[in-house]
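Given next are the chains, with one letter for each unit.
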Amino acid sequence: GGSVRVGSNVGLCLCGSERCEPTLESPGELAGPDANEVFPLLVDRQRRLWVGGLDDWAPGRDRVAFRDATTPSGPWTEIRDGSGRPIRGAIAATEAPNGDVLLVTASEGLVSVDQGKATRIGVADGLSSDRLRSAYADPQGIVWIGTEDAGLCRWTPRDGHVRCLTVADGLY
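Okay, so let's go over this structure. Each chain has its residues counted from 1, following the order in which its sequence is written. Given that the model is predicted, a residue must reach a pLDDT of at least 70 before its local features are reported, and side-chain atom pairs must reach 80 or more before they are shown or counted; all residues, however, enter totals for whole chains, interfaces and linings. The basis for every side-chain value is the complete set of non-hydrogen atoms in the structure, without hydrogens or water.

### Quick look at the nonpolar core
Here comes step 1: One finds Leu102, Leu110, Leu127, Val143, Ile145 and Trp155 to be the most contacted residues of the largest nonpolar core, which totals 15 residues.
Here comes step 2: Secondary structure elements are taken from DSSP: a helix is a run of H or I of four residues or more, a strand is a run of E of two residues or more, and numbering for both begins at the N terminus. When residues of this core are traced back to their parent elements, those giving at least two are strand S9 (101–105), strand S12 (132–137), strand S13 (143–147), strand S14 (152–156) and strand S15 (161–165).
Here comes step 3: Tallying contributions element by element places S12 first for this core, with three residues.
Here comes step 4: With 14 residues, the next largest nonpolar core counts Val64, Phe66, Ile79 and Val101 among its residues. What makes a nonpolar core is a set of buried Ala, Val, Leu, Ile, Met, Phe, Trp, Tyr and Cys residues whose side-chain atoms join them at distances within 4.5 Å. Burial classification: accessible surface area is computed with a 1.4 Å probe over protein chains only, and a residue below 20% of its type maximum counts as buried, one above 50% as exposed, and the rest as partly exposed.

As structure tokens, this is what we get:
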């Protein structure tokens, strides 16, 4: 059968139907050798493996990086926003119909990565919270963003419009 990459507190493993093997492909220098979690986020249509890390013991050492998924020993590229700040706390990712990679962060909102350029979308842009849990880009390009504590937001990248729904709007 198939295989899947699985993250752990020591790096990435490639798991098949019978066994898991370490892949020696974790970006330890990005998350730190003692990172609590290193995990795969996404393999995008360009065959890039996106990896996130969380380090509760040394905040600020967690990062997001990608590299060619077909080259296990290839170099990692760290993602930074327009001001040069590293993207931190990514817990999930999805790919929009236009190929942008959307990174869901635990405390820094949504990050849209277009051809290596990262743009943050957060409370200042209309999201009801920067504490996110999920994102889904529908076939029309609308991005649905699940927050941890403040409902569901609908973001239209084309014009930047954000509309958030809460219990007052029938969400429960």
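What follows picks up the thread again.
### Some points on the pattern of salt bridges
Here comes step 1: One side-chain nitrogen of Lys or Arg within 4 Å of one carboxyl oxygen of Asp or Glu is enough to make a salt bridge. Tallied over the entire structure, the rule returns ten salt bridges.
Here comes step 2: The shortest N-O distance in the salt bridge between Glu95 and Arg45 comes to 3.0 Å. Remark: Arg45 occurs in the loop between strand S4 (37–43) and strand S5 (48–54) and Glu95 occurs in strand S8 (residues 90–95); sequence separation between them is 50 residues.
Here comes step 3: The residue Arg120 makes a salt bridge to Glu108 at a minimum N-O spacing of 2.5 Å. Here the residue Arg120 occupies a position in strand S11 (residues 117–121), and Glu108 occupies one in the loop between S9 and strand S10 (110–114), the gap between them amounting to twelve residues. For the pair formed by Arg120 and Glu108, the shared burial category is buried.
Here comes step 4: Salt bridges sharing common partners tie together Asp81, Arg85, Glu108 and Arg120.

### Considering the packing of aromatic side chains
In this description, an aromatic ring pair is defined by two values, namely the gap between the centres and the angle between the planes.
Here comes step 1: Put simply, two rings from Phe, Tyr or Trp (the six-membered ring, in Trp's case) pair if the centres are within 6.5 Å, and we call them stacked under 30 degrees between planes, edge-to-face over 60, tilted for the rest. Here the structure, examined in full by the defined rule, presents one aromatic pair.
Here comes step 2: Judged by centre distance (4.7 Å) and plane angle (35°), the ring pair of Trp50 and Phe66 falls under tilted. Of this pair, Trp50 sits in strand S5 while Phe66 sits in strand S6 (residues 64–68), and the two are 16 residues apart along the sequence.
Here comes step 3: Residue classification places Phe66 among the buried residues on the basis of a relative accessible area of 13%.

### Points about the pairing of S14
Here comes step 1: For two strands to be treated as a pair, DSSP must find at least two bridges joining them. Two strands pair when backbone bridges link them, and S13 and S14 are joined in this way by four bridges, in the antiparallel orientation. Looking at the pairing, Trp144 lines up with Arg154 of S14.
Here comes step 2: Once S13 ends, the chain turns through four residues before running back antiparallel as S14, passing Gly151 with a positive phi of about 90°.
Here comes step 3: The pairing of S14 with S15 spans five bridges and is antiparallel. Bridge pairing in S15 places Trp155 opposite Val162.

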